[in-house]
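Fold and contact review
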Amino acid sequence: PTPVPPTVPTIVTPADQSIVQTKQPEIVGAAQAGSTVTLLVDGQAQATAVTDDNGAYTIPTAIAIGDGSHTLTVSASAQGLTSASSTGTRITVDTIGPTVDERRTYALYSILSPDTFDVVVTSTNDATNVHCTCGGVTTSLTKDGNAFHGQLRLDQRTSSTGVLGLTISDVA
């Protein structure tokens, strides 16, 4: 019998069109059992892994992928033959948090309650899902152009000056 190349492998995670917040995402997928899977990032080979008896593989990315959009593909090799490449999985690497214009974010006392604060954060980059945390309370902020706003309700008064120490994060 003439040897045939392995079947085309797949990438299960990360999902196509996903945003990852690490420069070294773990790639998980399926291929022919016992084959060697090669990961290509934007057409350049980056890492390999051998599938287990069930055809599952996990590839920890050995080289950091820069922030921005990238296409991942995989191919499988066995018995000296290589499969066709998988369909491209497009990901966006976003490890840069939102840029806050000031080191301290001002929260205005709200008319709703002395413990409810209106929070406004201005971003100068591509932040999409901004959360703020203060006093153990986290809230999502609503995007409006380059600004994000929302209300943070605190159970205990944490500021008498109107200036809150907030932790700001951009989460996928």
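What counts, and at which threshold
- Residues numbered from 1 in each chain as written.
- Predicted model: local features only at pLDDT ≥ 70, side-chain atom pairs only at ≥ 80, totals over all residues.
- Heavy atoms only, no water.
- Pairing = 2+ DSSP bridges.
- Helix = DSSP H or I, 4+ residues; strand = E, 2+ residues; numbered from the N terminus.
- pLDDT = per-residue confidence, 0-100.
- Contact = heavy atoms within 4.5 Å.
- Salt bridge = Lys/Arg side-chain N within 4 Å of Asp/Glu carboxyl O.
- Buried < 20%, exposed > 50% of the residue type's maximum accessible area, 1.4 Å probe, protein only.
- Axes fitted to C-alpha atoms, helices over the stretch in contact; angles between N-to-C directions.

1. A short note on the pairing of strand β5 (residues 44–50)
- When strand β4 (residues 36–41) meets β5, the two strands line up antiparallel, connected through 6 bridges. Bridge assignment links leucine 39 to a residue of β5, and that residue is alanine 47.
- The hairpin formed by β4 and β5 contains 2 residues between the paired strands, and aspartate 42 there has a positive phi angle of roughly 55°.

2. Quick notes on the confidence of the model for the protein
- For the protein, the average pLDDT comes to 79, and 66% of its residues sit at 70 or higher.
- Every residue in residues 101–106 is under pLDDT 50, and counting partners more than four places away or in other chains gives 14 contacts.

3. Observations concerning the side chain of serine 75
- Mapping serine 75 onto the fold places it in strand β7 (residues 68–78).
- Each residue touching serine 75, except ones within four places of it in the same chain, is listed here: Pro9, Thr36, Val37, Thr38, Leu40, Thr82, Ser83, Ala84 and Ser85.

4. Thoughts on the pattern of salt bridges
- Applying the stated criterion across every chain yields a total of 2 salt bridges.
- Ionic pairing is found between arginine 90 and aspartate 16, a salt bridge with its closest N-O pair at 3.1 Å. Taken together, the residues span a long stretch of sequence, with arginine 90 in strand β9 (residues 89–93) and aspartate 16 in the loop between β1 (10–13) and β2 (18–20) at a distance of 74 residues.
- Overall, the relative accessible area of 42% leaves arginine 90 in the partly exposed class.
- Judged by relative accessible area, aspartate 16 falls into the partly exposed class, the value being 37%.
- Salt-bridge contacts for aspartate 67 lead to lysine 23; the nearest nitrogen and oxygen are separated by 3.1 Å.

5. Side note on the sheet that holds strand β6 (residues 56–60)
- With antiparallel pairing, the 3 strands of this open sheet are ordered in space as β1-β3-β6. Only two strands of the sheet have a single partner each, and these edge strands are β1 and β6. Averaged over neighbouring strand pairs, the angle between their axes works out to 35° when direction is ignored.

6. A word on unusual backbone geometry
- For the peptide bond that leads from threonine 13 to proline 14, omega is 0°, which places it in the cis range.
- Within the fold, proline 14 resides in the loop between β1 and β2.
- One non-glycine residue, glutamine 17, adopts positive backbone phi at about 70°.
- Within the secondary structure, glutamine 17 is located in the loop between β1 and β2.
- Owing to a relative accessible area of 54%, glutamine 17 belongs among the exposed residues under this scheme.
- Phi at glutamine 79 is positive, roughly 50°, even though this residue is not glycine.
- With respect to the helices, strands and loops of the structure, glutamine 79 is situated in the loop between β7 and β8 (81–82).
- Under the relative-accessibility criterion, glutamine 79 is labelled exposed at 70%.

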